[in-house]
Amino acid sequence: MTLFPGKIYAQALLEALNIHGAPDPEDIAKRIGLAIEEADADGFEGALVRPVGVPLGAIALKKGVREKGRRNFTIAHEIGHFVLPGHDSIGNVCSSQQIESWSTDINHYEQEANEFAGELLIPTAQASPIVTKRLPSLKVIKEVAQHFNASLTASGWRFCELTPERCAMVMSTKRRIVWYKAAEDFRFHIKVGDEIEEGTVALDCFLGRKIPSAPVSVAASLWLASSNLLPQASVWEESILLPYYDSVLTLLWIKDRIERDAEWDEREEELLEPLDPQEFTLRRRKWPGKR
Ligand SMILES: [Zn+2]
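Residues numbered from 1 in each chain as written. Predicted model: local features only at pLDDT ≥ 70, side-chain atom pairs only at ≥ 80, totals over all residues. Heavy atoms only, no water.

Attention now goes to the sheet that holds strand β1 (residues 34-39). As a general point, the strands of a sheet are linked pairwise by backbone hydrogen bonds and lie either parallel or antiparallel. The strand order across the open sheet formed by four strands is β1-β3-β2-β4, and the pairing between neighbours is mixed. Looking at the sheet topology across the chains shown, the edges are occupied by β1 and β4 (93-94). For β1 and strand β3 (residues 57-62), the ladder comprises six bridges, and the chain directions are parallel. Within β3, the residue paired with E37 across the bridge is A60. (Pairing = 2+ DSSP bridges. Helix = DSSP H or I, 4+ residues; strand = E, 2+ residues; numbered from the N terminus.)

Structure representation (structure tokens):
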């Protein structure tokens, strides 16, 4: 059984505070006894400061975070560290690489705080009706971002969690794939660590070329690490250059069947491989890629 405490705690907090419209994390922080302070910081983007044994604390935010959605996510992430069980025993100083990321390199406390923040900012109950009626596109993701005052990144992976379609959100930085978050039945691994290839819209974004304004069909092998692809398999791609960190966000959508053997599931196969006991937890959501 997979447990998602981040989601469950976020839903419980929204319910306890009786929040039904788009949540404002700054207001939520204040209501649960967390002050927000901006600080000159080099080593972190957000931090939770809490005196031992007192149910109060403060969130320190790095000064000058340009994007409102990113700032909101960081606040929500720190609220996560404040309310999630077990998080009081760890140091809650969070770097830019840990916030809003689904890299398997970050520890499970950070993943749990991100999962919490995603649900707190973009609650399933409110977002599902918007997402499930629409076909996957960055246009819908932008609407979600605007509605919930969230970043494009968080809105993108929340979209992938909630849509019934086979979608994945991919983050690339400096022309390399850094992480992705896929819908439950996406069933493929994306080539994390690899360089973005010629033929993708993502590369066009990095190189400043003109990009199409709607999803386009590209060879599936440019993105997916699999030996189970049909010849000529394609995925729908839409990419956008993020105005910071030299990064590109990509929405992938498997619209038609592209696997040779429809029963074969890479992730199930990996579950049969020996696991590193240090790495294994019930909360784990993603299995390492074969690399
Ligand atoms: Zn953190």
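Here the distance between the centres and the angle between the planes together describe a pair of aromatic rings. Tallied over the entire structure, the rule returns two aromatic pairs. Considering the side-chain rings of F73 and W157, the 6.1 Å spacing of their centres and the 85° angle between planes classify their relative orientation as edge-to-face. Taken together, the residues F73 in helix α3 (residues 68-83) and W157 in helix α7 (residues 152-162) connect sequence positions 84 residues apart. Aromatic pair W102 and W157: ring centres 5.0 Å apart, planes at 85°, arrangement edge-to-face. A residue pair is termed long-range when its members are at least 10 positions apart, and W102 in the loop between β4 and α4 (108-121) and W157 in helix α7 qualify at 55 residues. Of the two residues examined, W102 and W157, each falls in the buried class. Above the ring of F4, the side-chain terminus of K7 is found at 5.9 Å from the ring centroid. One residue, K255, lies across the ring of W236, its end atom 4.4 Å from the ring centre. (Phe/Tyr/Trp six-rings, centres within 6.5 Å; stacked < 30°, edge-to-face > 60°. Buried < 20%, exposed > 50% of the residue type's maximum accessible area, 1.4 Å probe, protein only. Lys NZ or Arg CZ within 6 Å of the ring centre and 35° of its normal.)

With that settled, consider the confidence of the model for the protein. On average, residues of the protein score 88 in pLDDT, and 90% of them reach the 70 mark or higher. Per-residue pLDDT, averaged within each element of the protein, yields its smallest value for helix α9 (residues 266-271) (58) and its largest for helix α8 (residues 201-206) (98). For the stretch residues 277-291, pLDDT sits under 50, and the model shows 35 contacts to residues farther than four places along the chain or on other chains. (pLDDT = per-residue confidence, 0-100. Contact = heavy atoms within 4.5 Å.)

Within the secondary structure layout, R71 lies in helix α3. Contact partners of R71, with chain neighbours within four places excluded, come to E26, I36, E38, L61 and V65.

Evaluation of the coordinates by the stated rule reveals 17 salt bridges. In this structure, R209 and E198 form a salt bridge, with 3.0 Å as the shortest nitrogen-oxygen distance. Residue R209 is located in the loop between α8 and β8 (216-219), and its partner E198 is located in the loop between β7 (189-190) and α8; the two are separated by eleven residues in the primary sequence. (Salt bridge = Lys/Arg side-chain N within 4 Å of Asp/Glu carboxyl O.)

Attention shifts here to unusual backbone geometry. Positive phi, close to 60°, is recorded for N18, a residue that is not glycine. The residue N18 is located in the loop between α1 (5-16) and α2 (25-31) in this model. Despite not being glycine, Q232 has its phi angle at roughly 70°, a positive value. For Q232, the position within the fold is in the loop between β9 (224-225) and β10 (234-242). For Q232, a relative accessible area of 76% puts it in the exposed group.

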